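# Secondary and tertiary structure notes
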Amino acid sequence: MRLTELFAELRREKRPAFIPYLMAGDPTADATVAMLVMLRTVGADIVEVGIPYGDPLADGPTIAAAGQRALAHGGGVAQTLDIIAKASPASPPIVVFSYFNPLLQYGFERFAREAKRAGAVGVIVPDVILEEAHSLQSALAAEGLDMPLLVAPTTAKARAARICAQATGFVYVVSRLGVTGAGSTPDFTPLHDQISRLREVTTMPLAVGFGVSNVGHVKDVAAHADGIIVGSALIDAYAKSAPEDAVAAVQAFVTPLIAASRA
Amino acid sequence: MKPDARGYFGAFGGRYVPEVLVAALEELEAAVDLAFADAAFWAEYHRILGEFVGRPSPIYATTRYAHDVSAAPLVLKREDLNHTGAHKINNTVGQALLARRMGKKRLIAETGAGQHGVASAVVGAKFGFPVDVYMGALDVERQALNVYIMQLLGATVHPVTGGTQTLKDATNEAFRVWAAQVEETFYVIGSVVGAHPYPYMVREFQRVIGDEARAQCLERYGRLPSDVIACVGGGSNAMGIFAGFVDDPSVRLWGVEAGGDGLETPRTAAALGAGSVGVLHGSRSYLLQTAQGQVRDTHSISAGLDYPGVGPEHAYLKDSGRATYVPITDTQALEAFHEFARCEGIIPALESAHAIAFARNLAAERGPDDLILVNLSGRGDKDLAQIRAL
Ligand SMILES: Cc1ncc(COP(=O)(O)O)c(C=O)c1O
């Protein structure tokens, strides 16, 4: 199913998409596959799967460390595609999250072809802005893959309109200044204004990420957005447990969040 | 040359950053365009370079070094005589003036060896900005004296523990901190790297080296140099001196990269010589990376050259053939360091020793009608503890 159809269906159900983020290969490749399958059984709507990268400019310490761990045991583009291929028949729709350079080295056409074959539905690239998105986006489009683009609190309205017009699948709304991470207690009041302003320029689904980490945040964001992305807090939830307990730790963590997203 | 509207020198440059930084880069670009067109801005910049930095730096013909192999005059551009002992301060003065003009409240900077951190701390003190410097935890240990100097000057040094704990990770962290405090913070980048307009802006703040040197060569020798040589880490001292000569087709431009243990080994920092095209720290250029697109660990005896990337304009000059990039190994640089100190009475920075080593090789192929100009980008005081311990 294309992401736009999925969001249309959720709109009819009057609930936002719950979108957890996993780092491919952390704590192990098998655990990531198992997490992806489990996430469908507990009701996640879409999953973002991160390709580990050693220089993640948009990420805070939690995701950066998860990436380092995955790299230390063979993580990267190839392993991520492998994980997706194994999990996708039984997982929620998968959107790949990757920095630009690994995709550039892999080759855009080759990556698009193989990601499609593995069962992914889209690709998010946090260090590609509107002006640099074209060549990757057209390679992805040729395979029917979506490329959501990001808007930030600093993005001016006219620019946001152009980003929303070029994004496919959904628009990733960065909730705050800075990088990913569950650390501080976010104030989502400016986010609500940001979403209202975006609604004036687009009908695209708006999924919110960066800093969403507990039931309260999820309820707050669910009242306004079409999607809720939870990354660092989910990784924090299993990072301290043994690899064999990681799937259960993630399940225990996301279950109340999913319930909150549907309340 | 000015990069195109999207910040490209040919196929290199651009903006590969999180969206949150775009507004700040656009704001900076607009401020750069206005300031660069304002004679009063440049007048103040040059006044400070004169009174505070000690410019113009002289050119100086070597009296003994390489004279055993060549009759070609070998002329040094003495950036080592600047306040703080290197070219880095030309750039931090310019960026601090811009930060003040833009009403920014504080400065952040990345640093490897600490030279750019010190140059940033100096302008922070002078202009009254709080300064936060991000430095890999390994470098904090290796460069304890520069950490102390930065603190003495009132800056706060933040050790960065992620990744390889060196300059590349310090730069990542500075970008992240900038993203979190982007409205009031000015990010002072230390070389001709980063997203547009940084590579262009930093080059314009370093071109004073080349502009002065060109006029000085014409005045002293009545001719242009045959060859211009500079070491290349990120590439700012090289772009600065190249800028004065890039439109003179008779002048050959040589960039000297850190070969480390040699280009055929993994222990090198020669992005142009041993790397491939990719994206790092906001721009498309050459970098040392794995087949999977992960940035590789680098090595050089010289901390200031120990960086996996290189400024995009150098990538352009390499591919267009206008400049040639050559490696010098740790061993060759160290040998030149000692030889040069004993022959000239000048202790060069280890970075600059790479340029000096190549100059000797090139001089052997040149004659009395040629004129070799070498950018002596800094002095070696900062390296003495390291060299003494070898
Ligand atoms: C004396 C000196 N030369 C050269 C460099 C390398 O930087 P760049 O290539 O930007 O000139 C450094 C960096 O710390 C330095 O301190």
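Residues numbered from 1 in each chain as written. Chains lettered and ligands numbered in written order. Predicted model: local features only at pLDDT ≥ 70, side-chain atom pairs only at ≥ 80, totals over all residues. Heavy atoms only, no water.

### Things to note about the overall build of chain A
Within chain A, the secondary structure is distributed over twelve helices and eight strands. Whereas a compact globule of 263 residues would reach a radius of gyration of roughly 18 Å, chain A reaches 17 Å, a difference of no more than 12%. Oriented by its inertia axes, the alpha-carbon framework of chain A measures out at about 45 × 40 × 35 Å. Every one of the 263 residues in chain A was classed for burial, and the buried ones make up 63%. Of the contacts formed within chain A by residues at least 6 apart in sequence, a portion of 74% connects residues at least 24 apart. A total of about 9,200 Å² of accessible surface is found on chain A, and carbon and sulfur atoms cover 55% of it. When the 21 positive and 25 negative side-chain charges of chain A are each reduced to one mean point, those points stand 5 Å apart. (Helix = DSSP H or I, 4+ residues; strand = E, 2+ residues; numbered from the N terminus. Rg over C-alpha atoms; globule rule 2.2 N^0.38 Å. Buried < 20%, exposed > 50% of the residue type's maximum accessible area, 1.4 Å probe, protein only. Contact = heavy atoms within 4.5 Å. Areas by Shrake-Rupley, 256 points an atom, 1.4 Å probe, with all protein chains shown as cover. Lys, Arg positive; Asp, Glu negative; His and termini not counted. Charge placed at Lys NZ, Arg CZ, Asp CG, Glu CD.)

### Observations regarding the nonpolar core
Grouped together as the largest cluster of nonpolar side chains are 201 residues, with contacts concentrated most on Phe111(A), Leu98(B), Trp178(B) and Phe242(B). A per-element tally of this core places helix α8 (residues 198–221) of chain B first, with nine residues. When sequence neighbours within four positions are dropped, the list of residues in contact with Trp178(B) reads Leu21(B), Ala24(B), Leu25(B), Ile108(B), Thr185(B), Tyr187(B) and Tyr198(B). Tyr65(B), Leu76(B), Trp254(B) and Phe340(B) belong to the second largest nonpolar core, which has 29 residues in total. (Core = buried A, V, L, I, M, F, W, Y, C linked by side-chain atoms within 4.5 Å.)

### Things to note about the interface of chain B and chain A
Taken together, the 32 residues of chain B in the interface contact 34 residues of chain A. Between chain B and chain A, a total of about 2,800 Å² is buried, with carbon and sulfur atoms accounting for 52% of that surface. One salt bridge in this structure joins Glu19(B) and Arg159(A), with 2.9 Å as the shortest N-O distance. At the junction of chain B and chain A, the tally comes to 22 residue pairs in polar contact (both at pLDDT 80 or more). At the level of secondary structure, the elements contributing two or more residues to the side of chain B that touches chain A comprise α1 (22–36), α7 (167–180) and β11 (276–280) of chain B. The residue makeup of the side of chain B that touches chain A, split by class, is 15 nonpolar, eight polar and nine charged. (Buried area = accessible area lost by both parts, 1.4 Å probe. Salt bridge = Lys/Arg side-chain N within 4 Å of Asp/Glu carboxyl O. Polar contact = N/O pair within 3.5 Å; in protein donor to acceptor, adjacent residues only side chain to side chain. Nonpolar A, V, L, I, M, F, W, Y, C, P; charged D, E, K, R; others polar.)

### Comments concerning the packing of helix α2 (residues 39–53) of chain B against α8(B)
All names here are of chain B. Relative to each other, α2 and α8 sit at 55°, their axes nearing to 13 Å. For the element pair α2 / α8, the angle class is oblique. Viewed along their axes, α2 and α8 form a crossing whose handedness is right-handed. Counted together, Phe41, Trp42, Tyr45, His46 and Leu49 of α2 and Glu204, Phe205 and Val208 of α8 form the full contact between these two elements. Class assignment for the residues of the contact of α2 with α8 results in six nonpolar, one polar and one charged. (Axes fitted to C-alpha atoms, helices over the stretch in contact; angles between N-to-C directions. Parallel < 35°, antiparallel > 145°, perpendicular 65-115°, else oblique. Left-handed = near helix turned anticlockwise from the far one by under 90°.)

### Topic: the sheet that holds strand β14 (residues 372–376) of chain B
Residues and elements named next belong to chain B. If you trace the six strands from one edge of the open sheet to the other, you get β3-β4-β14-β9-β10-β13, paired in mixed fashion. The open sheet has two edge strands, β3 (59–61) and β13 (323–329), and neither has a second partner. Between one strand and the next, the sheet's axes are offset by a mean angle of 30°, whatever the strand orientation. Note: strand β4 (residues 74–78) against β14, five bridges, orientation parallel. Note on β14: the bridge partner recorded for leucine 76 is valine 374. Packed onto the sheet, helix α9 (residues 236–243) meets β4, β9 (227–232), β10 (252–260), β13 and β14 and runs at close to 160° relative to β9. Strand contacts of helix α11 (residues 312–320): β9 and β13, with the helix running at about 110° to β13, the strand carrying the most contacts. (Pairing = 2+ DSSP bridges.)

### Observations concerning the side chain of Arg322(B)
Residues and elements named next belong to chain B. When you line up the elements, arginine 322 lands in the loop between α11 and β13. Salt bridges are absent for the buried arginine 322, whose nearest opposite-charge side chain, aspartate 248, sits at 6.6 Å. Among the polar contacts listed, one links the side chain of arginine 322 to the backbone oxygen of phenylalanine 245, at a separation of 3.3 Å. Among the polar contacts listed, one links the side chain of arginine 322 to the backbone oxygen of valine 251, at a separation of 2.8 Å. Discounting residues that sit within four places of it in the chain, arginine 322 has contacts with Phe245, Val246, Asp248, Pro249, Val251, Arg252, Leu253 and Leu317.

### Remarks on the pattern of salt bridges
Summed over the entire model, instances satisfying the criterion amount to 42 salt bridges over all chains. Measuring nitrogen to oxygen at the nearest pair gives 3.4 Å for the salt bridge that ties Asp226(A) to Arg11(A). Of this pair, Asp226(A) sits in the loop between α10 (215–222) and β8 (227–230) while Arg11(A) sits in helix α1 (residues 3–12), and the two are 215 residues apart along the sequence. Accessibility expressed as a relative area gives 43% for Arg11(A), which makes it partly exposed. Linking Glu26(B) and Arg159(A) is a salt bridge whose minimum nitrogen-to-oxygen distance equals 3.9 Å. One end of the pair, Glu26(B), is in helix α1; the other, Arg159(A), is in helix α8 (residues 157–166), on a second chain. By sharing partners, the salt bridges in this structure join Arg203(B), Glu204(B), Arg207(B), Asp211(B) and Glu313(B) into a single network.

### Considerations on empty space enclosed by the protein
Residue and element names in this part refer to chain B. Throughout the structure, instances matching the rule amount to eight cavities of 30 Å³ or more. Estimates place the volume of the largest cavity at around 400 Å³. Taken together, 31 residues make up the lining of the largest cavity; nearest its centre are Lys88, Leu167, Gly190, Ser191 and Gly304. Elements supplying a minimum of two residues to the lining of the largest cavity: β5 (106–111), α4 (115–127), α7, α9 and α13 (350–363). (1 Å grid on protein atoms, 1.4 Å probe; cavity = no way out; pocket = protein on both sides within 12 Å on 5 of 7 lines; lining within 4 Å. Points joined across faces, edges and corners; volume = space filled by probe spheres on them.)

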